[in-house]
Amino acid sequence: MQPGKRLSDKVAIVTGGASGIGAETARAFALHGARVVLADSDASLGKAVAREIETAGGTALFRALDVCQEPQWIALIDETERHFGRLDVLANIAGISGRDPTQNIQLTQTAGPRLAEQTLAQWEQVMRVNATGVFLGTKYAIAPLQRARGGSIINISSICGIVGSFGNAAYHASKGAVRIFSKAAAIQYAPDRIRVNSIHPGFVDTPMTRPGHANPDVAKKRLEATPLGRFGTPADIAMGCLYLASDEASWVTGSELVIDGGMTAN
Ligand code: NAP
């Protein structure tokens, strides 16, 4: 490992790499020597982040991916191995809140509808992206990580995967699924030295949460519930991803890393 390069020679796929936590994680991985494939449904933003990483001297490429589409995962993993010769790290970061995308300001304390108003289609969409997407990525990363004789899968859950709240049950359910799926996968593939961990962010300032925090009542309530008194930054979470991706975490699997400004300690 070169000094200061915690991911030298590693090849990483980062889903959700076009925006927020995923983009910052891709930047951190590249800064620490990884060759990074950014995968996201937003091609124009994703290409811009990849260009920015390359301009800064890193190695990155963007590939369009809908995490719900199995053939696209197969193609992405295959292309990554052909292009870079291996895969060492998969960060499953893409996700959705279930918020109505036409709402620029969240009117209530919760992003998604309450249970009685939740349609089956909305429920299934949140579960498909947040939970099935993580299953598919993990499933297709196993073989290349076995060929690399081990590696790291990082699944972004949420504090909503640990505790409940009065709203957005589909999001809670999807993130709870990611938490426990990660532990099951960790146990199944520990003999192959494939580590699988989940990260549980609190409220982080990204395009996902901005409509909520544009409502001063929502922002105030969330800040009051955060002992460290500020929203997280994408870098706060990216640093956790960097640790779990690196060999410094070689004895860490099946764990849940909470990065939430102290919110769930309360
Ligand atoms: P973000 O800025 O909205 O980034 C999410 C990215 O995922 C977007 O680029 C989005 O593209 C992409 N995406 C959505 N559906 C996709 C799909 N089907 N296939 C591929 N890409 C897809 O949100 P973020 O806050 O960085 O969230 C990243 C992860 O952290 C999510 O899993 C989220 O649930 C989790 N998280 C966030 C917070 C927080 O406070 N921000 C807290 C806890 C957990 P589009 O814009 O085109 O949809």
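See the structure printed just above.
The notes below deal with the structure included here. Starting from 1, residues in each chain are numbered consecutively following that chain's sequence as written. In keeping with the model being predicted, local features are shown solely for residues with a pLDDT of at least 70 and side-chain atom pairs are shown and tallied solely at 80 or more, while totals for entire chains, interfaces and linings include all residues. Excluded from the side-chain calculations are hydrogens and water; all other atoms, namely the structure's heavy atoms, are used.

As for the site of the ligand
Residue proximity to a molecule or strand is established when one non-hydrogen atom of the residue lies within 4 Å of it. Around the ligand, the structure places 28 residues, and the nearest of them are Ser19, Asp40, Tyr171, Val204 and Thr206. Whenever a nitrogen or oxygen atom comes within 3.5 Å of another N or O atom, the pair is scored as a polar contact, on the condition that within protein one atom can donate a hydrogen and the other can accept it, and that pairs from neighbouring residues in sequence are kept only if both atoms are in side chains. With respect to the ligand, the backbone of Ile21 contributes an N or O atom lying 2.8 Å from an oxygen atom. Here the open area of atoms and residues is found with the Shrake-Rupley method and a 1.4 Å probe, where only the protein chains shown may cover a residue. Taking 890 Å² as the accessible area of the ligand by itself, protein coverage stands at 87%. Numbered from the N terminus, helices here are DSSP runs of H or I no shorter than four residues, and strands are runs of E no shorter than two. Among the secondary structure elements, those contributing two or more residues to the shell around the ligand are helix H1 (20-31) and helix H5 (169-189). Here the residues of the shell around the ligand sort into 14 nonpolar, 10 polar and four charged. By the convention adopted, Pro, Cys, Tyr, Trp, Phe, Met, Ile, Leu, Val and Ala count as nonpolar, Lys, Arg, Asp and Glu as charged, and the other residues, Gly among them, as polar.

Focus on a nonpolar patch on the surface
A surface patch of nonpolar side chains, amounting to about 190 Å² of accessible area, comprises Ile162, Val163 and Val258. Position of Val163 relative to the elements: it lies in the loop between strand S5 (151-156) and H5. Each residue is assigned to one of three classes by its accessible area relative to the maximum for its type, calculated with a 1.4 Å probe on protein chains only: buried under 20%, partly exposed between the two thresholds, exposed over 50%. Judged by relative accessible area, Val163 falls into the partly exposed class, the value being 38%. Residues enter a patch when their relative accessible area is above 30% and they make no salt bridge; the linking distance is 9 Å between like charges and 5 Å between nonpolar side chains (Val, Leu, Ile, Met, Phe, Trp, Tyr). Salt bridge, as used here, is a side-chain nitrogen of Lys or Arg placed within 4 Å of a carboxyl oxygen of Asp or Glu.

Notes on the pattern of salt bridges
Summed over all chains, the structure comprises 13 salt bridges. Taking the shortest distance from any N to any O, the salt bridge between Lys183 and Glu256 comes out at 2.6 Å. Taken together, the positions of Lys183 in helix H5 and Glu256 in strand S7 (residues 256-259) put the pair 73 residues apart, joining distant regions of the chain. For Glu256, a relative accessible area of 27% translates into the label partly exposed. One network of salt bridges, in which partners are shared, links Glu24, Arg27 and Glu52.

Overview of the pairing of S5
Most of S5 is tucked away: six of the six residues are buried. Of the two faces of S5, both are covered, the one formed by Gly151, Ile153 and Asn155 as well as the one formed by Ser152, Ile154 and Ile156. Strands pair, by our definition, only if DSSP identifies at least two bridges between them. Note: strand S4 (residues 89-92) against S5, four bridges, orientation parallel. In the strand pairing of S5, Asn92 is matched with Asn155.

Thoughts on helix H8 (residues 234-245)
A helix is expected to span 1.5 Å for every residue after the first. With 12 residues, H8 should cover 16 Å at 1.5 Å per step; its first-to-last C-alpha distance of 16 Å lies within 8% of that length. Pro234, Ile237, Ala238, Gly240, Cys241, Leu242, Leu244 and Ala245 are the residues of H8 that are buried. Throughout, a contact is declared for two residues whenever any of their heavy atoms are within 4.5 Å. If you follow the buried residues of H8, they end up packed against H1, S4, S5, strand S6 (194-201) and S7.

Let's talk about the packing of helix H4 (residues 120-147) against H5
Interaxial angle, 0 to 180 degrees, is taken between N-to-C directions of lines fitted to C-alpha atoms, where a helix line uses only the stretch in contact. The geometry of H4 relative to H5 is characterised by a closest axis approach of 8 Å and an angle of 15° between their N-to-C directions. Taken together, H4 and H5 sit at an angle that is classed as roughly parallel. Taken as a pair, H4 and H5 cross one another with a handedness that is right-handed. Residue-level contacts link Trp123, Val126, Met127, Asn130, Ala131, Val134, Phe135, Thr138, Ile142 and Gln146 of H4 to Ala169, Ala170, Tyr171, Ala173, Ser174, Lys175, Ala177, Val178, Phe181, Ala185 and Tyr189 of H5. For the contact of H4 with H5, the residue count by class is 16 nonpolar, four polar and one charged. Put simply, angles under 35 degrees are roughly parallel, angles over 145 are roughly antiparallel, angles from 65 to 115 are roughly perpendicular, and the rest are oblique. With the far helix as reference, a near helix turned anticlockwise by less than a right angle produces a left-handed crossing, and one turned clockwise produces a right-handed crossing.

Brief notes about unusual backbone geometry
The phi torsion at Asp9 lies on the positive side, around 70°, for a residue other than glycine. By the element assignment, Asp9 lies in the segment before strand S1 (11-15).

Shape is all these values report; function is a separate question.
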